[in-house]
Amino acid sequence: MKRVSGVAAVMLGACVLMGAADGSWLKRVPAGDKAKVNPLAGQKEAAEAGEHLYEEACSRCHGKQAEGKGNRPTLISERMKTTTDGELAWLLRNGNSWKGMPSWSVMPDGERWQLVAYMRSINTPATAAGIAVEARKSDGAGQ
Amino acid sequence: MKVRTSVLFVPLLLVLLWLRPMALNAQEPPYFVTYSHVLEEPGNLEVASQNIGASPKNASAFYGQTIELEYGVTAWYTAEVYFQGQTTLNDSTIFTGWRLENRFRPLRSEHWINPVIYVEYEDISHADKSFLEITGRHVISDQAIANGLLRSDVERSVEGKLILSSNFKGFNVSENFIAEKNVSNEPWEFGYAIGGSHALASHASASNCQFCRQYFAVGGELFGGLGTRYDFGFDSTSIYAGPTVAYNSPRNYTITAGPEFGLNANSAAVLWRLKASYEFPQVRDLFRRSR
């Protein structure tokens, strides 16, 4: 009986962890938020400030280069490229607490848009390719 | 537990923390008593020293210290343990008790008002002078009684709080409604706390600075007792209010300070408060196998 409970607990845990990066939160974003445009889009200074915010608030979970850590997802991905600025801002404000992502609503709106600007800047094709190469290298070194 | 030992330990801890290069910003509103809906980030451990000093009329001056260990279990659940002590002038230094608290955020999205459920068990003597909340009929003249008499009267109680909190345009407004029940045959006691705060900057600086406006927040809070179930109301209990300021360092520590002024004759004139906290990020990674 104990073994069955253990297996059930492991399976439940695995489902929860897999759910953390499945993008299901996107379905909860209201249309109005989805359509929001980053007022700081394209501003180099905003992305730089966003980088500092990322280091302070996000890097411990998502990695210094947003490469992801453990079950915490990478922030450089195809999904990130197709996600709108409004959706990213919504996620930062609301979090996805049942899947492990805390809400950052205490951060002023301006700072959250700066973070979105930074997310955009690292999700260019060149950055993504560079990160993928780094990830392959570190995987190779680890084997 | 000797409170004096921890008094010496705090400056040393602060120096060590300053030397650590890790960056992280806790972003908690600058309150001493009021809780907002901001929980500890999952996996992070915050260690805090909350200090209070006062020199009430007709009672000896005192200094109280509370050591807090706060851990983010999940993004919707934070657990915390407190150890409390105090020293009273011309009297003694004593350990006054401990608390174990849990905070749950039941709703998974941000709303105009965000509820948090708070459940706590405490084992604290009547000599406690931490002022982490006020419930029932709390009057400052009770503090004039000698520690030796007060410490033998230990209260074991369960406390619940309904925390309501809102964030908009950099402002945070939080309201706490407190209900406390001694596990022995004593009536329910009630209290409240209200806080408001604002970050000093709406945008982060692009430069790598230590003391930019974005790291500071100012606010204020008001708290007091509401009597018991038999004599509910604002009479015969203390009320305090005051401004607070916090510095959320990019090096993981936060310093919050502020005076709180007694608003009626049942209160001390001023409570001087200083809280220093340090956040150890992703402590749980230390206990995981490397991936």
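As shown above, the structure is provided for reference.
Quick caveat: nothing in here was measured; it's all calculated off a predicted structure. (Residues numbered from 1 in each chain as written. Chains lettered and ligands numbered in written order. Predicted model: local features only at pLDDT ≥ 70, side-chain atom pairs only at ≥ 80, totals over all residues. Heavy atoms only, no water.)

A. A look at the overall build of chain B. Along chain B, the regular secondary structure elements total two helices and twelve strands. Helices and strands in chain B line up, N terminus first, as α-β-β-β-β-β-α-β-β-β-β-β-β-β. Taken across its 291 residues, chain B has 54% of its residues classed as buried. Counted over contacts in chain B with a minimum sequence separation of 6, partners at least 24 positions apart contribute 61%. When the accessible surface of chain B is totalled, it reaches about 12800 Å², and 64% of it is carbon and sulfur. (Helix = DSSP H or I, 4+ residues; strand = E, 2+ residues; numbered from the N terminus. Buried < 20%, exposed > 50% of the residue type's maximum accessible area, 1.4 Å probe, protein only. Contact = heavy atoms within 4.5 Å. Areas by Shrake-Rupley, 256 points an atom, 1.4 Å probe, with all protein chains shown as cover.)

B. Representation of the pattern of salt bridges within the structure. Residues and elements named next belong to chain B. Summed over all chains, the structure comprises 21 salt bridges over all chains. The residue Glu122 makes a salt bridge to Arg99 at a minimum N-O spacing of 3.1 Å. In this pair, Glu122 is assigned in strand β5 (residues 114-125) and Arg99 in strand β4 (residues 93-104), connecting sequence segments 23 residues apart. Notably, a salt bridge pairs Asp128 with Arg99, separated by 3.9 Å at the nearest N-O pair. On the criterion of sequence distance, the pair formed by Asp128 in the loop between β5 and α2 (147-150) and Arg99 in strand β4 is long-range, its members being 29 residues apart. Through salt bridges that share partners, Arg99, Glu120, Glu122, Asp128, Glu133, Glu159 and Lys161 make up one connected network. (Salt bridge = Lys/Arg side-chain N within 4 Å of Asp/Glu carboxyl O.)

C. Structural context of helix α3 (residues 44-57) of chain A. All names here are of chain A. With 14 residues, α3 ought to run about 20 Å at 1.5 Å a step, and its terminal C-alpha atoms sit 20 Å apart, in line with that. Taken together, the buried positions of α3 are Ala46, Ala47, Ala49, Gly50, His52, Leu53, Tyr54, Glu56 and Ala57. Taken together, the buried residues of α3 touch α4 (59-62) and α7 (109-122). (Expected span 1.5 Å × (residues − 1).)

D. Quick look at the state of the cysteines. Within this structure, the stated rule accounts for one disulfide over all chains. Shown here is the disulfide that connects B:Cys209 with B:Cys212, its sulfur atoms set 1.3 Å apart. Around the S-S axis, the bridge from B:Cys209 to B:Cys212 shows a dihedral of about -125 degrees and counts as left-handed. Cysteine A:Cys58 shares no disulfide, and the gap to the nearest cysteine sulfur, in A:Cys61, comes to 8.5 Å. (Disulfide = S-S within 2.5 Å.)

E. Spotlight on helix α6 (residues 85-94) of chain A. Residue and element names in this part refer to chain A. In terms of residue burial, α6 counts as a mostly covered element, since nine of its ten residues are buried. For α6, the complete set of buried residues consists of Asp85, Gly86, Glu87, Leu88, Ala89, Trp90, Leu91, Leu92 and Asn94. In this structure, the buried residues of α6 make contact with α2 (31-34), α5 (78-82) and α7.

F. The arrangement of the sheet that holds strand β11 (residues 253-262) of chain B in detail. If you walk around this closed barrel you meet the twelve strands as β1-β2-β3-β4-β5-β6-β7-β8-β9-β10-β11-β12 (chain B), and the pairing is antiparallel. Pairwise comparison of adjacent strand axes, ignoring direction, gives a mean angle of 20 degrees for this sheet. (Pairing = 2+ DSSP bridges. Axes fitted to C-alpha atoms, helices over the stretch in contact; angles between N-to-C directions.)

G. Quick look at the interface of chain A and chain B. Each side of the interface is counted separately: chain A has 33 residues, and chain B has 38 residues. Of the roughly 3100 Å² buried between chain A and chain B on both sides combined, carbon and sulfur atoms contribute 51%. Of all residues in chain A, the largest losses of buried area upon contact with chain B belong to A:Glu56, A:Arg60 and A:Val106, amounting jointly to 23% of the total for that side. Summed over the shared surface of chain A and chain B, the number is one salt bridge. (Buried area = accessible area lost by both parts, 1.4 Å probe.)

H. Looking closely at the environment of A:Val116. Residues and elements named next belong to chain A. As for its placement among the helices and strands, Val116 is situated in helix α7. Judged by relative accessible area, Val116 falls into the buried class, the value being 0%. When the C-alpha positions of Val116 and Ala47 are compared, they lie 7.9 Å apart, and in sequence the two are 69 residues distant. The contacts of Val116, once residues within four sequence positions are left out, are Asn38, Asp85, Leu88, Ala89 and Leu92.

I. How the structure looks around the nonpolar core. All names here are of chain A. Membership of the largest hydrophobic core comes to 30 residues, with the highest contact counts inside it found for Tyr54, Leu115 and Met119. The leading source of residues in this core is α7, at seven residues. In this view, Tyr54 contacts Ser59, His62, Gly63, Lys64, Ala66, Leu75, Leu115, Tyr118 and Met119; residues no more than four positions away in its chain are not counted. (Core = buried A, V, L, I, M, F, W, Y, C linked by side-chain atoms within 4.5 Å.)

J. Quick peek at unusual backbone geometry. Residues and elements named next belong to chain B. The backbone of Asn58 sits at a positive phi, close to 65 degrees, despite the residue not being glycine. Within the element layout of this structure, Asn58 appears in the loop between β1 (45-54) and β2 (62-74). Its relative accessible area of 72% is what places Asn58 among the exposed residues. Phi angles above zero are rare outside glycine, and Phe131 is one such case at about 55 degrees.

K. Inspection of the packing of aromatic side chains at higher detail. This structure, assessed with the given rule, holds 17 aromatic pairs over all chains. Centre to centre, the rings of A:Trp25 and A:Trp90 are 6.4 Å apart; their planes meet at 5 degrees, and the pair counts as stacked. Linking A:Trp25 in the loop between α1 (2-19) and α2 with A:Trp90 in helix α6, this pair joins segments that are 65 residues apart in sequence. Neither residue differs from the other here; A:Trp25 and A:Trp90 are each classed as buried. Residues B:Phe131 and B:Tyr240 carry aromatic rings whose centres are separated by 5.8 Å and whose planes lie at 90 degrees to one another, so their mutual orientation is edge-to-face. Of this pair, B:Phe131 sits in the loop between β5 and α2 while B:Tyr240 sits in strand β10 (residues 239-248), and the two are 109 residues apart along the sequence. Comparing B:Phe131 with B:Tyr240, the two get one shared label, buried. One Lys or Arg, B:Lys161, reaches over the ring of B:Tyr118 and ends 4.5 Å from the middle of that ring. (Phe/Tyr/Trp six-rings, centres within 6.5 Å; stacked < 30°, edge-to-face > 60°. Lys NZ or Arg CZ within 6 Å of the ring centre and 35° of its normal.)

L. Examining the pairing of β4(B) more closely. Residues and elements named next belong to chain B. Judged from the eleven bridges that link them, strand β3 (residues 77-88) and β4 form a sheet pairing that is antiparallel. Residue pairing across strands places Val81 opposite Leu100, the latter belonging to β4. In sequence, β3 turns back onto β4 through a hairpin of four residues, with Asn90 there showing a positive phi of about 65 degrees. For β4 and β5, the ladder comprises eight bridges, and the chain directions are antiparallel. Each bridged residue has a counterpart across the sheet, and for Leu100 the counterpart in β5 is Tyr121.

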